[in-house]
Amino acid sequence: MCACYLLNHSSSLGVEPRYSEQDEHLQHEDNGVLIFQVKPASHDFYSKKNKSMKCYPVTLSKKRGRVLIININSFDNNLYDARAGSETDVCNLDKLFQQLNFIVTLKQDVNAEQFIMEIESFAQREDHKEYSSCFVFLMSHGADLGNGHWGIVAKDGIKIDVEEIIAKFSNQKAKSLIEKPKIIVINACRGDTSDRGVAHPIPYVPEGAYKKPRLYKDGNNESADELHRAVDDMTIFKSTVPGFASHREEKYGSWLVMALCHVFAQKACDKDVYTLFKLTDEKIKSIKGSENQRQTAEIISRGMNKELFLYPGL
């Protein structure tokens, strides 16, 4: 067993995360679920942005799109440690996307065959044509597959290559999602190492100069103009970088989901999704564990060359 899975126990810290003094503290209910209300966008902002060629078009229909959440909390025969706190992540994400006016589908503790089946079924839904975008959240333990490949672990312990999952959303396989934003979020370890920070000397700042605050922070017959690239309009957001663990609190859930829900609730009213992900990583930067654990998220754009706004409340 890869040491990453043991670290997933230690990276489930079991204590309330600490924040920078300059960062707004996250508020939780007694059961650990975040307390938030998504701020609404304005009609003027929608009218301005939705006409721009630089933005993906969003129709103010009853629903913005679909969200698939696959969460593996426990594993057959105790092959891996149960992911304490993942239930809180599910509650937080469901709460967020209900407020963002998305249709949420939750699948929990599925085996590898079911995992792939759910991904394929979701990617190939014809009714994606009716909506503006889709989000996919994959949450489990991570696994090194060798040769630079990383996987996510299903309930039966089988490891699924993350790139195999992402490929299900290519334009060839998910035709109803062509030219629509596809956002994939992967919340899993990508290595054994827990980031404990790197010490660096405080730079000299001349008297009177601005001092930046320091943060102490887990089809061959088609004509050419009808052809689409194999991969397009996709952003992948990973909870951590290669080689490092992804942290999760037993009561409050993962740092990624806590930060993401807080940022989306506060900023989705006037920020695009890519910017929201950057702000989410900045939020994660402000969190540290009881033993100074830290975490860096990773954003990957694959042909997502326009801005996606969610226009909550409209």
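Reference entry: report on the structure contained in this document. (Residues numbered from 1 in each chain as written. Predicted model: local features only at pLDDT ≥ 70, side-chain atom pairs only at ≥ 80, totals over all residues. Heavy atoms only, no water.)

### What to know about the sheet that holds strand 9 (residues 234–238)
The sheet built from six strands is open, its strands ordered 3-2-4-8-9-13 with mixed pairing. Taken across any chain shown, the strands that pair with only one partner, and hence form the sheet edges, are strand 3 (102–108) and strand 13 (298–302). Going from strand to strand, the sheet's axes swing by 15° on average, the running direction of each strand aside. Both strand 4 (residues 133–139) and strand 8 (residues 182–187) contribute to a ladder of six bridges, which runs parallel. (Pairing = 2+ DSSP bridges. Helix = DSSP H or I, 4+ residues; strand = E, 2+ residues; numbered from the N terminus. Axes fitted to C-alpha atoms, helices over the stretch in contact; angles between N-to-C directions.)

### Section: the nonpolar core
Counting 50 residues, the largest nonpolar core has Leu93, Leu96, Phe97, Leu100, Phe135, Phe137 and Phe264 as its most contacted members. Of all elements in the fold, only helix 2 (43–50), strand 2 (65–71), helix 3 (86–99), strand 3, strand 4, strand 8, helix 6 (255–267) and helix 7 (273–285) reach the threshold of two or more residues within this core. For this core, the element with the most residues is helix 6, which contributes 10 residues. When neighbours within four sequence positions are excluded, phenylalanine 264 is seen to be in contact with Val38, Leu96, Leu100, Phe135, Leu276, Phe277, Thr280 and Leu310. Core analysis: the next-biggest nonpolar cluster, separate from the first, contains 32 residues, Leu68, Val110, Ala123 and Val162 among them. (Core = buried A, V, L, I, M, F, W, Y, C linked by side-chain atoms within 4.5 Å. Buried < 20%, exposed > 50% of the residue type's maximum accessible area, 1.4 Å probe, protein only. Contact = heavy atoms within 4.5 Å.)

### A look at the side chain of serine 254
In this structure, serine 254 sits in strand 11 (residues 253–254). Serine 254 gets classed as buried once you look at its relative accessible area, which sits at 1%. Sequence-distant contacts of serine 254, that is, excluding residues within four places in its chain, are made with Asp89, Asn187, His247, Arg248 and Glu249.

### Here's the deal with the sheet that holds strand 5 (residues 142–146)
Strands belonging to one sheet form pairs held by backbone hydrogen bonds; the direction of such a pair is parallel or antiparallel. The sheet built from three strands is open, its strands ordered 5-6-7 with antiparallel pairing. The strands lining the two open edges of the sheet, one partner per strand, are strand 5 and strand 7 (159–161). Strand-to-strand, the axes of this sheet are offset by a mean angle of 40°, without reference to chain direction. Here strand 6 (residues 149–153) runs beside strand 7; their pairing, made up of three bridges, is antiparallel. Bridging across to strand 7, isoleucine 152 finds its partner in isoleucine 160.

### So, the packing of helix 3 against helix 6
The contact between helix 3 and helix 6 brings their axes to 10 Å, and the two run at 15°. With respect to each other, helix 3 and helix 6 are oriented roughly parallel. By crossing handedness, the relation of helix 3 to helix 6 is classed as left-handed. Seen from helix 3, the contacting residues are Asp89, Asn92, Leu93 and Leu96; seen from helix 6, they are Val257, Leu260, Cys261, Phe264 and Ala265. When the residues that make up the contact of helix 3 with helix 6 are grouped by side-chain class, the tally is seven nonpolar, one polar and one charged. (Parallel < 35°, antiparallel > 145°, perpendicular 65-115°, else oblique. Left-handed = near helix turned anticlockwise from the far one by under 90°. Nonpolar A, V, L, I, M, F, W, Y, C, P; charged D, E, K, R; others polar.)

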